[in-house]
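Structural overview
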Amino acid sequence: MKCKNLIIWLLYLFLLVPSAYSITLQELIDSYNFGYNDGTLNINQFSDYMLDSNSNGQNDTLIINITVNSTYTAFFEVYFDLSEESGTLSNRINQSISSGISNVNISFDTRLLTKNKYNYSVRIYNTTNILVFSKYNIETNTYSGFGNGTNINRITDENLNSNHIRINLTLNVSQNQDANITAYLKFNETIISATKQVTLSSGLQTISLDFDNETIKSTHYTGNFTLDSVLIGRKLIKPSYSTSIYNYEDFAKTSYFRNYSSTGIDTNANNLSEFLEVNFTVAVKSTNTYEIQAEMYDQFNNFVKNLSASQSLSIGNQTVSIRINGSDIYAAKISGPYILSVTRLIENGNITDKQFEPHTITNLTYTDFERPPLPDLKLNMTVIFNQTTNQSNVTIKLNNTGESTAFNVFLDVFNNETFSAINSTVILNVNESQIYNFIVSNTSNITLFTAIADFDNLVDESNESNNIVQNTPPTIVSLAIESITAMYTNGTLKIFEFVILNDGDTAVTDVQWWFDTNDSYIINSTSNISSLAVNERAFVYVQYNFSDEGSYNIRANATGLSQSTIISSSLSSSIGVGDLAITSFDDVNTDVAKVIFEIQAKNNLESNITNVNWSLTTGNNGIINSTSQFASIQPNETIFIFVKYDYGASGTYSLVATVTNQTYSDSKTLNLDIKHLEAFNLSIVNESGNKRIFEFVIKNNLNINLTGVNWSLNTNNSNIINSTISSILQPSEQMFIYIDYNFTASGTYNVNATARNNSLTDSRNLTITI
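Before going into details, it helps to say that this report is about the structure given with it. (Residues numbered from 1 in each chain as written. Predicted model: local features only at pLDDT ≥ 70, side-chain atom pairs only at ≥ 80, totals over all residues. Heavy atoms only, no water.)

Our next topic: the overall build of the protein. Check the secondary structure of the protein and you find five helices and 54 strands. Relative to a compact globule of 770 residues, whose C-alpha radius of gyration would be 27 Å, the protein shows 50 Å and is clearly more extended. Relative to its full complement of 770 residues, the protein shows a buried share of 42%. Pairs at least 24 apart in sequence give 62% of the contacts found in the protein among residues at least 6 apart. When the accessible area of the protein is evaluated, it comes to approximately 40300 Å², of which 44% is carbon and sulfur surface. Computed over 40 positive and 70 negative side-chain charges, the inter-centroid distance for the protein is 9 Å. (Helix = DSSP H or I, 4+ residues; strand = E, 2+ residues; numbered from the N terminus. Rg over C-alpha atoms; globule rule 2.2 N^0.38 Å. Buried < 20%, exposed > 50% of the residue type's maximum accessible area, 1.4 Å probe, protein only. Contact = heavy atoms within 4.5 Å. Areas by Shrake-Rupley, 256 points an atom, 1.4 Å probe, with all protein chains shown as cover. Lys, Arg positive; Asp, Glu negative; His and termini not counted. Charge placed at Lys NZ, Arg CZ, Asp CG, Glu CD.)

Structure (structure tokens):
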């Protein structure tokens, strides 16, 4: 797999290489090292040479030598593979290789060689047949003048009375031997062969190999054959010889398939074929009863149908037609084109002709054929909503209104909220129905329910359009206050705009409104808006002079009528009234006694306010003043002021924040409680009967150690539980306290947890019921 992925990567890389490099894909692959080494051994040197083993003055043996450096002594299986165009010449040796440096030699008979230079590979396996070393694309030296065995000097071919095609090979035989000679004829990427056992004598010798008439007939080929290769003993020669033109029909002595055709038969002109007709043209050589067999597949080798017919045929070209029911092809649900993968012509129980993939049925697929009787699944739904319980009673009826039984029907039901369910029916006969009922909680009168039969389309139906049903939620009647905006400000005088929107599904009539100023005054509409269409807006403008400066939570409300239903909507908004106002003053961060305060001040005027200063009275006789002014604050702009102050000790402080520009000013107070020893999170973590287990946390908020820390829990059940030891808490350290107490009686108790040391204390209360 790794090698395959690497080759794919190299192919991708090859496509990116500019053509100017003139590198072939094979050269690119050959340039990569696919070798392997597990560390057991390594080959330090590769060498090769030729020798004359019989001292006749001509080299006849190729020797390949490798120098091996092994980490241990053991027997190894060493393979040498020479790359030939026709395949691979391999040899192997099983040899004990000692720890350290060893030599391994292997020999090849040059009579099997066809090239002057080879690439070879070495593979070494251990005694458990596991690869420990491999290396590829090692080149030999270039050799010439060696004994390369028997060769072909001349090739001819001839027709022997249409009984055989004869291939004549004139051989230059290098030595006397008995050998099998096989000739391979190639046509249309198919090969036929003929073999003959002969005795070869040194010198020139002609050998003839005959391809019989039945073999030639079986090719169903007319044209030149290519003599692709000749195997002489173990030596494979690639002559690339082309024969004369031959017609298979000239050699046929027995009946054979001559032609094929196919078509769809539409008997009722509805554009759907009732039959697929396949025509087999047979050249009949003797009058007899013949059987035709064929197998039909798609192009992905999925089986579709077997074809067969028996018929008495007389001599000559005869056509046998086989019809397949279109509904059978449709039922297979396999798309075309279709292929006759194999055809057989049988006479007297013997196969006289056979062809593989002789015919393709194009332009037809299963949807082009008549359907068999099919089921038809149809759904009906009723939904009843209970306003008291907010439950929906959903009833679904699944019917089979088709012409055949439906099997394994799944029903999916869900709504547009969180409900979903899946049910199934194993068998649903024709005109049979199945009732499903669901009680769904937490719904409303506008919840949308959907039911789908056969969601995954596993059931083939005559009508797929009626497999889904939804309830029809009631019309939505609604009003909305879309916005409230201050359009004009002059001191305490403001003009507001608010927008009423019909965001429902139907018109709303008799719309009236009121506006609450949050200043002990409500403004009511004096005339109704007669009608608001769907998505129509009404713009309302209100003027009011507030009694004082400050923050107000104003509110607009609208009420209308639709389909005898009264509907209303409201919207609130916080506004600032006046000139320069502090809208927020808070402590946003506390680190022991260091506190960061945030002051927000807003310009409520329609013009800029300039030269604004601020100050903070800390509550411990300290005052912090701004060191620079805000040069200008624009209308409705809010400024943010952050002040950091270190109190240095715990306590309760009353602070005052002030903003001013001499003309306008505002102040706001804040009470601050700083705790160095803090008790918090008093809670119950377990309860059983009258027994309770309490938890609370004690924390040191100082940046120094707190010593002598202890605690108490007042159960208010005539029992106070005190700590038995004092503790030391480091800065920011927390101590978790767990107390188990069994109350003596039922009732309500105000439990108090207190943390203290010599000078600091803090407590928390929790009311519980037993």
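Examined bridge by bridge, strand S11 (residues 177-187) and strand S12 (residues 190-200) share eleven bridges and lie antiparallel to one another. Residue pairing for S12: Ala183 is matched across the bridge by Ala194. Between S11 and S12, which pair antiparallel in sequence order, lie two residues; one of them, Asn188, sits at a positive phi of approximately 45°. Bridge count for S11 against strand S14 (residues 222-232) is six bridges, and the pairing is antiparallel. Opposite Thr182, over in S14, you have Leu231 as the bridge partner. (Pairing = 2+ DSSP bridges.)

Right, let's get into the side chain of Asn757. Secondary-structure assignment places Asn757 in the loop between strand S53 (748-756) and strand S54 (761-769). At 3.4 Å, the side chain of Asn757 and the backbone oxygen of Thr707 are in polar contact. At 2.8 Å, the side chain of Asn757 and the backbone nitrogen of Leu760 are in polar contact. Leaving out residues up to four positions away in the same chain, Asn757 has contacts with Leu677, Leu706, Thr707, Gly708 and Val709. (Polar contact = N/O pair within 3.5 Å; in protein donor to acceptor, adjacent residues only side chain to side chain.)

As a further point, take the pattern of salt bridges. In the structure shown here, the tally under the stated rule is 17 salt bridges. Salt-bridge contacts for Arg323 lead to Glu277; the nearest nitrogen and oxygen are separated by 2.9 Å. Of this pair, Arg323 sits in strand S21 (residues 316-325) while Glu277 sits in strand S18 (residues 275-284), placing them 46 residues apart in sequence. Under the relative-accessibility criterion, Arg323 is labelled partly exposed at 47%. Residue classification places Glu277 among the buried positions, given a relative accessible area of 14%. The closest approach of N and O atoms between Arg537 and Glu482, which form a salt bridge, is 2.7 Å. Here Arg537, found in strand S36 (residues 537-545), pairs with Glu482, found in strand S31 (residues 480-490); they are 55 residues apart in sequence, far enough to count as distant. With relative accessibility at 39%, the residue Arg537 sits in the partly exposed group. Since its relative accessible area comes to 37%, Glu482 is described here as partly exposed. (Salt bridge = Lys/Arg side-chain N within 4 Å of Asp/Glu carboxyl O.)

The geometry of an aromatic ring pair is captured by the separation of the ring centres together with the interplanar angle, meaning the angle of the planes. This structure, assessed with the given rule, holds 28 aromatic pairs. With a centroid separation of 5.3 Å and 35° between ring planes, the pair formed by Phe496 and Phe515 is classed as tilted. Of the two residues, Phe496 is situated in strand S32 (residues 493-501) and Phe515 in strand S33 (residues 508-516); the sequence distance between them amounts to 19 residues. On the numbers, 4.8 Å between centres and 90° between planes, the contact of Tyr544 with Phe546 is edge-to-face. Residue Tyr544 shares its accessibility class with Phe546, and that shared class is buried. What links up through ring pairs into an aromatic cluster is the set Phe496, Phe498, Trp513, Phe515, Tyr521, Tyr544, Phe546 and Tyr552. Taking NZ or CZ as reference, Arg323 lies 5.4 Å from the ring centre of Phe275, over its face. (Phe/Tyr/Trp six-rings, centres within 6.5 Å; stacked < 30°, edge-to-face > 60°. Lys NZ or Arg CZ within 6 Å of the ring centre and 35° of its normal.)

Among the surface-exposed residues, Met487, Tyr488, Phe539 and Tyr541 lie close enough to one another that they form a single nonpolar patch of about 450 Å² accessible area. Elements supplying a minimum of two residues to the nonpolar patch: S31 and S36. Within the fold, Met487 resides in strand S31. Its relative accessible area of 46% is what places Met487 among the partly exposed residues. (Patch = residues over 30% accessible without salt bridge, like charges linked within 9 Å, V, L, I, M, F, W, Y side chains within 5 Å.)

Judged by pairing direction, the sheet is antiparallel, and its three strands sit side by side in the order S39-S40-S44 without closing on themselves. Each edge of the open sheet carries a strand with a single partner, namely strand S39 (580-591) and strand S44 (638-646). Strand after strand, the sheet turns through a mean of 20° between neighbouring axes, direction not considered. (Axes fitted to C-alpha atoms, helices over the stretch in contact; angles between N-to-C directions.)

Moving on, we come to the sheet that holds strand S13 (residues 203-212). Read across the open sheet, the three strands follow the order S9-S10-S13; overall the sheet is antiparallel. Each having just a single partner strand, strand S9 (151-160) and S13 make up the two edges of the open sheet. Averaged over all pairs of adjacent strands, the angle between strand axes in this sheet comes to 20°, irrespective of strand direction. Of the strand pairs in this sheet, S9 and strand S10 (residues 164-173) are connected by nine bridges, and their pairing is antiparallel. By the bridge assignment, Asp157 is partnered in S10 with Ile167.

Of note, Ala538 is situated in strand S36. Between the alpha carbons of Ala538 and Gly264 there is a distance of 68 Å; along the sequence they are 274 residues apart. Setting aside chain neighbours within four positions, we find Ala538 in contact with Phe498, Val499, Ile500, Ile529 and Leu532.

Turning next to the side chain of Glu370. Tracing the sequence through the fold places Glu370 in the loop between strand S23 (350-361) and strand S24 (377-386). This buried residue, Glu370, is left without a salt bridge; Arg371 holds the nearest opposite charge, at 6.4 Å. Beyond its immediate sequence surroundings of up to four residues, Glu370 is in contact with Asn268, Asn270, Leu272, Ser273, Glu274, Gly326, Ser327 and Tyr330.

Moving on to the environment of Ser392. Along the chain, the position of Ser392 falls in strand S25 (residues 391-400). The spacing of Ser392 and Leu411 is 19 residues in sequence and 18 Å in space, taken between C-alpha atoms. Setting aside residues up to four positions removed in sequence, Ser392 forms contacts with Val383, Ile384, Phe385, Phe438, Ile439, Val440, Thr443, Ser444 and Phe449. At 2.8 Å, the side chain of Ser392 and the side chain of Thr443 are in polar contact.

Keep in mind these values describe shape, not function.
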